[in-house]
Amino acid sequence: GQNIDQPTEMTATEGAIVQINCTYQTSGFNGLFWYQQHAGEAPTFLSYNVLDGLEEKGRFSSFLSRSKGYSYLLLKELQMKDSASYLCAVRDHDYKLSFGAGTTVTVRA
Amino acid sequence: IAGITQAPTSQILAAGRRMTLRCTQDMRHNAMYWYRQDLGLGLRLIHYSNTAGTTGKGEVPDGYSVSRANTDDFPLTLASAVPSQTSVYFCASSEVAGGPDTQYFGPGTRLTVL
């Protein structure tokens with residue numbers, strides 16, 4: 001199975017940078033995903049990492065270290081609309097996703 | 001508009017009743033999934049189907065059943081609902097089960113079992 005840990009809550013100021021860490025212990029690894037979920041809505045895909053290193057997509061970047069079982073999601077130039085829950089998910093060799101409990105990010109003016 | 005639809009949006013159900021949550025996608029995705037989301041626990045996989053005609057058990061399958069008679073539909077049935085099944089249920093689909101293909105989520109069904 002998978003054990004996925006991420007902080008419960010983070011608060012940051014508009015325009016700032018926030019880094020959300022995710023650590024995992026897995027019986028099989030086949031990719032790591034980050035999703036964004038606004039309150040009362042469905043999760044939406046943000047990023048995918050399967051090899052070590054940084055993937056950049058506009059204001060969002062995601063990093064993976066497979067040897068350390070570690071990933072982070074970096075949100076730059078924070079906007080009020082970035083207030084949401086961010087979900088880290090690990091895929092196993094059977095292509096099933098296991099999700100962390102999510103990190104609620106609050107952006108303050 | 002392409003995507004995933006779920007019905008009903010919300011439901012209040014008496015314990016012991018049978019309930020089927022509907023999920024339909026029009027993206028011709030091969031793989032479909034059912035998750036439940038509870039506060040503090042995140043999304044947990046209930047059942048999945050990698051292709052029409054096949055299904056598999058996820059992390060929390062007890063009390064739930066699924067079928068995948070065709071590509072588009074993946075209904076989730078609670079044979080005899082219990083209060084611990086109160087949750088938000090999300091259906092998701094992906095083009096294939098592997099690769100970089102992400103899962104796309106439906107809008108969710110909020111179920112309350114009394």
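Structure: see above.
Given the structure is predicted, the values throughout are model-derived calculations rather than measurements.

## Some remarks on the overall build of chain B
Line of reasoning, step 1. Counting its regular elements, chain B contains zero helices and 11 strands.
Line of reasoning, step 2. For 114 residues, the compact-globule estimate of 2.2 N^0.38 gives 13 Å, and the C-alpha radius of gyration of chain B, at 13 Å, lies within 12% of that figure.
Line of reasoning, step 3. Projected onto its principal axes, the C-alpha coordinates of chain B cover approximately 40 × 30 × 30 Å.
Line of reasoning, step 4. Taken across its 114 residues, chain B has 51% of its residues classed as buried.
Line of reasoning, step 5. Roughly 5400 Å² of accessible area belongs to chain B as shown, and the carbon and sulfur atoms make up 52% of that amount.
Line of reasoning, step 6. Taking the average location of the 9 positive side-chain charges in chain B and that of its 8 negative ones, the two points are 10 Å from each other.

## Here we look at the interface of chain A and chain B
Line of reasoning, step 1. Across the contact, 16 residues belong to chain A and 21 residues belong to chain B.
Line of reasoning, step 2. When chain A packs against chain B, the two sides together hide about 1500 Å² of surface, and 58% of this comes from carbon and sulfur.
Line of reasoning, step 3. Area buried by chain A at its contact with chain B is led by Tyr95(A), Lys96(A) and Phe99(A), which between them contribute 31% of it.
Line of reasoning, step 4. Linking chain A with chain B are zero salt bridges.
Line of reasoning, step 5. For the pair chain A and chain B, the number of links is three residue pairs in polar contact (both at pLDDT 80 or more).

## Some remarks on the state of the cysteines
Line of reasoning, step 1. For the coordinates displayed, the defined rule picks out two disulfides over all chains.
Line of reasoning, step 2. Each sulfur of the disulfide joining Cys22(A) and Cys88(A) lies 2.0 Å from the other. On the S-S bond that ties Cys22(A) to Cys88(A), the torsion sits near -70 degrees, and the link is left-handed. Note that Cys22(A) is positioned in strand S3 (residues 18–26) and Cys88(A) in strand S9 (residues 84–91), a separation of 66 residues in sequence. The exposure classification of Cys22(A) matches that of Cys88(A), with both residues buried.
Line of reasoning, step 3. A sulfur-sulfur separation of 1.9 Å characterises the disulfide bridge that pairs Cys23(B) with Cys91(B). Judged by the sign of its S-S torsion, about -70 degrees, the bond between Cys23(B) and Cys91(B) is left-handed. Linking Cys23(B) in strand S3 (residues 19–25) with Cys91(B) in strand S9 (residues 87–94), this pair joins segments that are 68 residues apart in sequence. Here Cys23(B) matches Cys91(B) in class, with each residue buried.

## Re the pattern of salt bridges
Line of reasoning, step 1. Under the counting rule described, the total for this entry stands at seven salt bridges over all chains.
Line of reasoning, step 2. The closest approach of N and O atoms between Arg59(A) and Asp82(A), which form a salt bridge, is 2.7 Å. Highlighted residues: Arg59(A) in the loop between strand S6 (53–57) and strand S7 (60–65) and Asp82(A) in the loop between strand S8 (70–75) and S9, separated in sequence by 23 residues. Accessibility assignment for this pair places Arg59(A) and Asp82(A) in one class, buried.
Line of reasoning, step 3. Overlapping salt bridges bring together Arg36(B), Asp38(B) and Arg44(B) as one network.

## As for the pairing of S9(A)
Residue and element names in this part refer to chain A.
Line of reasoning, step 1. In terms of burial, S9 is a largely internal element, eight of the eight residues being buried.
Line of reasoning, step 2. Taken together, the three bridges between S9 and strand S11 (residues 103–108) define a ladder with antiparallel strand orientation. Following the sheet pairing, Tyr-86 is matched in S11 by Thr-103.
Line of reasoning, step 3. For S9 and strand S10 (residues 97–99), the ladder comprises three bridges, and the chain directions are antiparallel. Within S10, the residue paired with Ala-89 across the bridge is Phe-99.
Line of reasoning, step 4. Taken together, S9 and the strand that follows it, S10, pair antiparallel across an intervening segment of five residues, in which Tyr-95 is found at a positive phi of about 70 degrees.

Thresholds applied
- Residues numbered from 1 in each chain as written.
- Chains lettered and ligands numbered in written order.
- Predicted model: local features only at pLDDT ≥ 70, side-chain atom pairs only at ≥ 80, totals over all residues.
- Heavy atoms only, no water.
- Helix = DSSP H or I, 4+ residues; strand = E, 2+ residues; numbered from the N terminus.
- Rg over C-alpha atoms; globule rule 2.2 N^0.38 Å.
- Buried < 20%, exposed > 50% of the residue type's maximum accessible area, 1.4 Å probe, protein only.
- Areas by Shrake-Rupley, 256 points an atom, 1.4 Å probe, with all protein chains shown as cover.
- Lys, Arg positive; Asp, Glu negative; His and termini not counted.
- Charge placed at Lys NZ, Arg CZ, Asp CG, Glu CD.
- Contact = heavy atoms within 4.5 Å.
- Buried area = accessible area lost by both parts, 1.4 Å probe.
- Salt bridge = Lys/Arg side-chain N within 4 Å of Asp/Glu carboxyl O.
- Polar contact = N/O pair within 3.5 Å; in protein donor to acceptor, adjacent residues only side chain to side chain.
- Disulfide = S-S within 2.5 Å.
- Pairing = 2+ DSSP bridges.

Structural measurements only, silent on function.
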